[in-house]
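Structural description and commentary
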Amino acid sequence: MLHVIITAYHRSVPLRIMVNSFLVQTCPEWKIYIIHDGPMPKEVKKIIEQFKNDKRISFMETAKRTGYWGHKNRNMILQILPDNTNDFVLMTNDDNYYVPVFVEEITKIIRPDTGMIHWDMIHSNYEFFPTRVGMGTIDMGSFIVRLPLAKKVGFIHTGIEADCQYAMECLEECKKENLSELHVPKILFVHN
Amino acid sequence: MILHIIVVTYNRPLKLKILIDSFLVQTCPCWDMLIVHDGPASDETRQTISLYKEYDKIRFIEHPERLERWGHPLRKIYLQKIKSDPEDFILITNDDNYYMPIFVELMLDGCRPNTGIIYCDTVHNYFNYSIMKTEIKVNKIDIGSFIVRGDVAKVVGFKYNYHNADGRYAVECARYCDKRHLTADYCNKLIFIHN
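Residues numbered from 1 in each chain as written. Chains lettered and ligands numbered in written order. Predicted model: local features only at pLDDT ≥ 70, side-chain atom pairs only at ≥ 80, totals over all residues.

Overview of unusual backbone geometry
Residue and element names in this part refer to chain A. This is how it is decided: Helix and strand assignments follow DSSP, with helices taken as H or I runs no shorter than four residues and strands as E runs no shorter than two, numbered in order from the N terminus. The exposure label follows from counting other C-beta atoms within 10 Å of a residue's C-beta, where the C-beta atoms are placed from the backbone and the thresholds are 20 or more for buried and 12 or fewer for exposed, leaving partly exposed in between.
Even without a glycine there, the phi angle at Y68 is positive, about 50 degrees. Mapped onto the elements of the fold, Y68 is located in the loop between β3 (57-61) and α3 (71-80). The exposure class of Y68 is partly exposed, given the 16 C-beta atoms found within 10 Å. We note that Y126 has phi near 60 degrees; this positive angle belongs to a residue other than glycine. Residue placement: Y126 occurs in the loop between β6 (114-122) and β7 (128-129).

Have a look at this one:
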């Protein structure tokens, strides 16, 4: 199972694209957790309403806006996910897009010793962005991490490069636990 | 200058929703969309379309009978029916594609007075979601990756019903542009995903 944590803030139609890009996935093994940073405005509530009957999608809002690009909210949801060893977690933003074979492509290569998988993307300058773990070479939404390992590392940083730091710390932990890092050389993700 | 978008669809409402939404979040609002359903639509498709009833720029037509052939016969019909000024541009695309939010802005910004056709690169599902460098040649260009000046598109017409008719249409548009001393311009950005 792939657990997808989406941090959202006041962007209704992009959020609908993001969620629909999972609803049309060729592999149904995913669950979405949308966390809105602060109370949802009515436009976002209207979009959320469209998904209320789908048990794979849950949504919540924080009482107040926390800021920090939603990073604190990511960790809050991460830590309450079930401790399933075989599951993976993806953290992403509300305005991204995944191609319909995304879940299928990444789940089919998972082996018992896989700790982390990343894939290539189109970045917001709309050029090819070959992903690798490092500062400035990976982005939120372009990698998944085995769930217990992700929880152990935690999403603890709050700066603009917190996603890179988290990816690097996850890779370090993979090495300590003899888990492997895999790369899918396909463009499976658009970072808007 | 307006980009007129013709989308032929057949009962894929969720995918269609992504396509429509990808235009609703465009940075440039100079577009309108005609969605043509190949035959009578399902209730689910009609319900999806009703989500967009507040948008005057989005129109939906159910063609009375299903014509199939990858939607090509409907492209031919509605390309001629669509109202456009000669300087406007026309995009013909599929219901399961995705455009980046800057697509309309980049394509229209790239238009010069003598531009006849503009094309961009594609992330293509047939090539395992790798980059297809677009060229105006049959099998090197895909419907959805190029826009054509309105008067050029209407004179050339979308004539053929075979699988790669889109490539042939692009090639014929480029040839006609050449005769009229109009240019084929290339936008060097990955702003289109063909699913």
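Description of the interface of chain B and chain A
Worth spelling out the cut-off: Note on contacts: each residue gets a C-beta atom placed from the backbone, and two residues are in contact if those atoms are within 7 Å. Amino acids are sorted into nonpolar (Ala, Val, Leu, Ile, Met, Phe, Trp, Tyr, Cys and Pro), charged (Asp, Glu, Lys and Arg) and polar (every other residue, Gly among them).
Each side of the interface is counted separately: chain B has 22 residues, and chain A has 20 residues. For the side of chain B that touches chain A, the secondary-structure elements that each account for two or more residues are α1 (13-24), β7 (130-132) and β9 (183-194) of chain B. Here the side of chain B that touches chain A is built from residues that sort into 14 nonpolar, 4 polar and 4 charged.

Regarding the pairing of strand β8 (residues 146-149) of chain B
Working note: regular strand, side chains alternate between the two faces of the sheet. The criterion, for reference: The pairing criterion is simple: DSSP has to find at least two bridges between the two strands.
As paired elements, strand β4 (residues 89-94) of chain B and β8 of chain B share 3 bridges and run antiparallel to each other. Pairing of I90 of chain B across the sheet is with V148 of chain B, part of β8 of chain B.

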